[in-house]
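Each chain, written out:
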Amino acid sequence: MLTALLLDPGRVVPADRLIEAVWGEDPPPTARAVLQTYVASLRRAFESAGMAEVIVSHRVGYLAEVPADAIDRNVFERHVAEGRQAAREKRLREASDSFHAALALWRGPALGGIGDSFLHAEATRLDELRLTVVEERVTADLAVGRDERLIEELTELVALHPARERLRRDFMVALYRAGRQADALAVFRQGREVLIEELGIEPGPELREAHELILRSDPSLLKPAAATPPAPTPAPAATSTSTGGGTGPVRQLPPPLPDFTGRDAEATALRDRLTEAGTMPICVISGPGGAGKSALALHTAHAITESYPDGQLHVELRGTTEAPATPEEVLGRLLRELEPSTAPLPATLEERAGRFRSLLAGRRKLVVLEDALSERQVRPLLPGTPGCGVIVTSRNRLAGLAGAAFVDLGVLPQPDAVALLARIAGPERIVPDSETARRIVRQCGGLPLALRIAGARLASRRHWSAERLAERLADEQRRLDELAVGDQEVRASISLSYELLPEPAKVALRRLGLLGLPYFSVWVAAAATETDLDEAEDMLEQLVDASLVGVEGVDVTGQIRYRLHDLIRLFARERAAQEESEHERTATVTRVLGGWLWLIERLSKAAPTGWIPLLSGFRLARPVDPEVERVVLADPHGWFRAEEEALIVAVELAAAMDLDEIAVELASALSYAFEGNQYVSDNPFAAWNRTHEAALAAARRNDNAIGEATLLAGLGQLYYERDLYAESREYLTQALSMFRSAKDVRGEATTLAALGVACREQGYLPESLHFLDRADALWAGQGDRAATAHVRRIAGSVRLEQGDYPQAWADLNAALLLYREEGSRRGEALTLRSISMYHRAKGELDSAERTAVQARDICAAIGDRLLEAYCTRSLAKVRLRLGRHDEARGPLQDALAVARDLSDRFGEACSLRTLGELDLAEGRLYQAKSHLEQSLELWDALRSALFRARVLRDLAQVHQALGDAATAEKTRAEAMEIFRLHGSREYGEPPPL
């Protein structure tokens, strides 16, 4: 536990992390109590040593407050940095001294005794760093002639680490200097064998070069570098402007990530901007926590060090912590480093900033400011003259920094994300083109931090496969728990940004996470937070500035669409569960779904479908801002397409929360919008089915009989729209029984009408009229003219099929009058098409053509592509009867293309039959036979006997014309028998000539 605290001094370590450090993934039930005992024991130990205030309690955990030099690791890393700086500047004796001082601090393995906790990763890093420093120290010792006992030490080191080429090279040099050339060459041969056998590679260029020099007995290997003179005394403060301690330019950049991957375009843009001559470039890298801002900043900074020969300053501004660094504090540190021998620091911020700019004037220094909170924190730290450059990283965009260039980091593209995952986990664990790798990338949302953690978990658990990790990440409830390793944790990274938000923005983020929508507009946030549009937009922009919400773009209706990254969504949902009451969560979902209900209701009233909705209104609809209604009504198709996925997610969320009533209402509203392809989506049937199945499960769990019946009827209508008429009747029959049991007259009447339509499509004409007449009787007592119009129109079309012309005419004209009174343009077009078919059946072809044109024009005006195709086909059939064949073929082919594009098999079968009739009329007998047989196959699949019979009657004419009288007679007889069984008008009509 002490190790976990000291590895991150001055920062709070949550109790859960300390428990994990001590017990790993299987803590005892008493872990928290035992942890408190450990804290008490440690405090007593420190008190006895006169250090009473080392461990400080915090509301979420503990922190260690110790001087930086009290921790060996810090002192070690400082000595290493000094040694490397000296080595770069050819001060080799000083480098050797610094490396010796660093290594003298070690007492056995790093963090000895910590076991298998997540601290093991830090121990591994330190041990690896120690070995690297040993290599650097040996190289420095050789360079200055400190050869004593090196051969003995290197013999042991090479035996322990046979694949470390640098150690082996220096061992060869030491042996050669000792006059043991043959032994040096033998060491090379042994190393080459090890590298080939264990790694499958040849020695690297440095080892090969040393081998060649020894073979040539090159005298340069015998000459150590001359001892460097001691460092000069620092110049007086008044003349020191760019050095740190009088030992050369300050170079504070931390090392770059060795596995930096991707971001090529961003890195190029930064390099180009930061290397512009005669300017003082300021580059701000912003993005969410874990997007790799620091990695990109350091990668870029190291790449352009030659452009800033006077040094590089690096400052952590701690913008996401509870105690961000103040500009005064940062400038004090920088001034001490730039002028270590000066008088006391200036007292005020203005004086410190002025002195800082004076020191940088005329210099080429790069200033890297990491984790900035705000523009106010950054401005005093900017140089004042051209020549210097600045890189700022921040979770906020810092748009107020004048003249800055901005790089907004999002997630990694999939190829780069897979490459990063493979570099960390190992290429043998991640197959780049595998679906598993892509799945892990999707589960991590392409976020570099999440990918690093996922890769590190794979690397540290050799017994896991990539498939096993993907399975563990699949559970959204546990995903954030899985994305944690060592001191890296996605949840903690997001939490840093969350805790800095004002409370209203926190509420907005929590509730948006609860909703789990893929995209959303401002009104959704307003409904979720009970604010107006302006307040909601301000909160969303605060979240955008904090890189917690992204802007997806502007949809076709002109509304801005926002989105939550998947991992931020999971975090926000967790916080909603922890910080919002059940009542608040329920109210949030109900308000937002109520807004959608209200908008869909407005759409339905503005453009009636001609169908009967199962619900007379939406009890839970909730008004939204009139401006939103205006935008939606201006482009309902565009709005519905943009909103469709969110609507489906919303129904599924309400169902999962057992909010069955609003789930039923919204699912039913969506089915009404889908009916008749009112608002055609890419796959309306899939969306319809998903919403109904989810809401149906919730209704059944809550014994909501009316809701269950409503959804069963909706599924029956879905199967009707898919041309699956038998399945449709099964669902509708179940719904009818439930509506009757509940004495729901509207539900019963609507379902009876739907059953009548389904029976008509299969040619069950008496059964269809049975259901329709009963529905008409029920609607007569409801006073719903639109519903009565629908039933009378369908009944009129059925009576037309039966040849009952007087009653068909009465029904259709009654329906047309009612639709016009209701202002239903779609219902009017449907009825006019049926009246055109009536005129065609009666031989009144001029009237048939006129009404078909009227129907087609209305469909075109309201943008109903499918119904327009049906009307176009009716018009073409009239012109076929009129002998105007050249006016029929093109429209028929267009109607066929629309039916196929919209997966409407009924319309496709009708179009193919009419094309066959046209071919027959023009004497194209084989083309007619092909079209009619294709139509016949579709009617067989649809199990629609009456329409099948009509095609058989046409095929009989084709066979007769081809000279096959026997087949013609057999085919005609089969058709007539079907007409007789179904009671259709064709049975009493004379056979066609």
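Below you will find a few notes about this structure.

What counts, and where the lines are drawn
Within each chain, residue numbers correspond to sequence positions counted from 1 in written order. Two thresholds apply to this predicted model, a pLDDT of at least 70 for residue-level local features and 80 or more for giving and counting side-chain atom pairs, whereas whole-chain, interface and lining totals are computed over all residues. Excluded from the side-chain calculations are hydrogens and water; all other atoms, namely the structure's heavy atoms, are used. Per the convention used, a helix needs a DSSP run of H or I reaching at least four residues, while a strand needs a run of E reaching at least two, with both numbered from the N terminus. To get the radius of gyration, use the C-alpha atoms; to get the globule rule, take the number of residues to the power 0.38 and multiply by 2.2 Å. For the exposure calls, accessible area comes from a 1.4 Å probe over protein chains only, and a residue counts as buried if that area is under 20% of its type's maximum, exposed if over 50%, partly exposed in between. Residue contacts are counted whenever heavy atoms from the two residues lie within 4.5 Å of one another. Following DSSP output, two strands are said to pair if at least two bridges run between them. Where helices are involved, their axes are fitted lines through C-alpha atoms of the stretch in contact, as for all axes, and angles between N-to-C directions lie from 0 to 180°. Counting of polar contacts relies on pairs of N or O atoms within 3.5 Å, with two restrictions inside protein: one atom must be capable of donating a hydrogen and the other of accepting it, and residues adjacent in sequence are counted only when both atoms are side-chain atoms. An angle counts as roughly parallel when it lies under 35 degrees, as roughly antiparallel when it exceeds 145, as roughly perpendicular when it falls between 65 and 115, and as oblique in every other case. If you view the pair so one helix is near and one far, a crossing is left-handed when the near helix is turned anticlockwise from the far one by less than a right angle, and right-handed when it is turned clockwise. Residues are grouped as follows: Ala, Val, Leu, Ile, Met, Phe, Trp, Tyr, Cys and Pro are nonpolar; Asp, Glu, Lys and Arg are charged; all remaining types, including Gly, are polar. Take the buried residues of types Ala, Val, Leu, Ile, Met, Phe, Trp, Tyr and Cys, join any two whose side-chain atoms come within 4.5 Å, and each joined set is a nonpolar core. Working definition: rings of Phe, Tyr and Trp (its six-membered ring) pair if their centres are within 6.5 Å, and the pair is stacked with planes under 30 degrees apart, edge-to-face with planes over 60 apart, and tilted otherwise. Take a side-chain nitrogen of Lys or Arg and a carboxyl oxygen of Asp or Glu: if they are within 4 Å of each other, that pair is a salt bridge.

In terms of regular secondary structure, the protein is built from 44 helices and 13 strands. Here the protein has a C-alpha radius of gyration of 40 Å; the compact-globule value for 993 residues is 30 Å, and the former is much larger. Residues classed as buried in the protein amount to 52% of the 993 residues present. Look at the contacts in the protein between residues 6 or more apart in sequence, and 68% of them connect residues 24 or more apart.

Overall, antiparallel pairing links the three strands, which are arranged β1-β3-β2 in an open sheet. Lying at the two open borders of the sheet, with one neighbouring strand each, are β1 (13-14) and β2 (55-57). As paired strands, β2 and strand β3 (residues 61-64) are joined by three bridges and run antiparallel to one another. Within the sheet, the bridge partner assigned to serine 57 lies in β3 and is tyrosine 62. Against the sheet, helix α3 (residues 31-48) contacts β2 and β3, and its axis sits at roughly 140° relative to β2.

Mapped onto the elements, glutamine 762 comes out in the loop between α33 (745-761) and α34 (765-780). Separated by 2.8 Å, the side chain of glutamine 762 and the backbone oxygen of arginine 943 make a polar contact. Once you skip the residues sitting within four places of it in the chain, glutamine 762 turns out to touch Tyr725, Ala726, Arg729, Leu942, Arg943, Ser944, Ala945, Leu946 and His982.

The N-to-C vectors of helix α9 (residues 181-199) and helix α10 (residues 205-215) enclose an angle of 155°; their axes lie 10 Å apart at closest approach. Our classification of the angle between α9 and α10 gives roughly antiparallel. Here α9 runs over α10; the crossing is left-handed. Listed contacts from α10 to Gln181, Ala184, Leu185 and Phe188 of α9 are Leu207, Arg208, His211, Ile214 and Leu215. For the contact of α9 with α10, the per-class residue count stands at six nonpolar, two polar and one charged.

All right, on to the side chain of arginine 168 then. Tracing the backbone through its elements, the reader meets arginine 168 in helix α8 (residues 165-177). Leave out the neighbours within four places in its chain, and arginine 168 touches Val158, Pro162, Val187, Gln190, Gly191 and Leu207.

Here we come to the nonpolar core. If you look at the biggest cluster of nonpolar residues, it comprises 178 residues, and the most contacted ones within it are Leu509, Trp596 and Leu666. Residues in contact with tryptophan 596, not counting those within four places in the same chain, are Leu517, Trp523, Val524, Trp639, Glu643, Ala646, Leu647, Ala650 and Leu666. Core analysis: the next-biggest nonpolar cluster, separate from the first, contains 59 residues, Leu18, Ala31, Ala123 and Ala174 among them.

What follows covers the sheet that holds strand β7 (residues 366-372). Spatial ordering of the open sheet is given by β4-β6-β7-β8-β5-β9, a layout of six strands whose pairing is parallel. Edge positions in the open sheet fall to β4 (250-251) and β9 (405-408), since each of these has one partner strand only. In this structure, β7 lies alongside strand β8 (residues 389-394), joined through five bridges in parallel fashion. Looking at the pairing, leucine 369 lines up with valine 392 of β8. Those strands touched by helix α11 (residues 264-274) are β5 (282-286), β7, β8 and β9, and its axis lies near 160° from that of β5.

Okay, the packing of aromatic side chains next. Under the counting rule described, the total for this entry stands at 13 aromatic pairs. Centre to centre, the rings of tyrosine 498 and phenylalanine 571 are 5.5 Å apart; their planes meet at 75°, and the pair counts as edge-to-face. Placement of the pair is tyrosine 498 in helix α21 (residues 490-499) and phenylalanine 571 in helix α25 (residues 566-579), with a sequence separation of 73 residues. Taking the relative accessible area as the measure of exposure, tyrosine 498 reaches 1% and is therefore buried. Between phenylalanine 906 and phenylalanine 947 the ring centres are 5.2 Å apart and the planes differ by 75°, which places this aromatic pair in the edge-to-face class. Of this pair, phenylalanine 906 sits in helix α41 (residues 905-921) while phenylalanine 947 sits in helix α43 (residues 945-961); the two residues are 41 residues apart in sequence, bridging distant segments of the chain.

Let us now look at the pattern of salt bridges. One pass over the full model with this rule turns up 81 salt bridges. Ionic pairing is found between aspartate 940 and arginine 948, a salt bridge with its closest N-O pair at 2.5 Å.

As a further point, take the packing of α33 against helix α35 (residues 785-802). The N-to-C vectors of α33 and α35 enclose an angle of 25°; their axes lie 10 Å apart at closest approach. On the basis of the axis angle, α33 is roughly parallel to α35. Classified by chirality, the crossing of α35 by α33 is left-handed. Contact residues: Ala753, Val757 and Arg760 in α33; His790, Val791, Ile794, Ser797 and Val798 in α35. Its residues assigned to classes, the contact of α33 with α35 shows five nonpolar, two polar and one charged.

So, on to the pairing of β5. On any regular strand, side chains alternate: one points to one face of the sheet, the next to the other face. By the criterion of burial, β5 is predominantly enclosed, with five of the five residues buried. Side-chain alternation along β5 places Ile282, Val284 and Ser286 on one buried face and Cys283 and Ile285 on a second face that is also buried. Relative to β8, β5 runs parallel, the two being bridged by five bridges. By the bridge assignment, valine 284 is partnered in β8 with valine 392.

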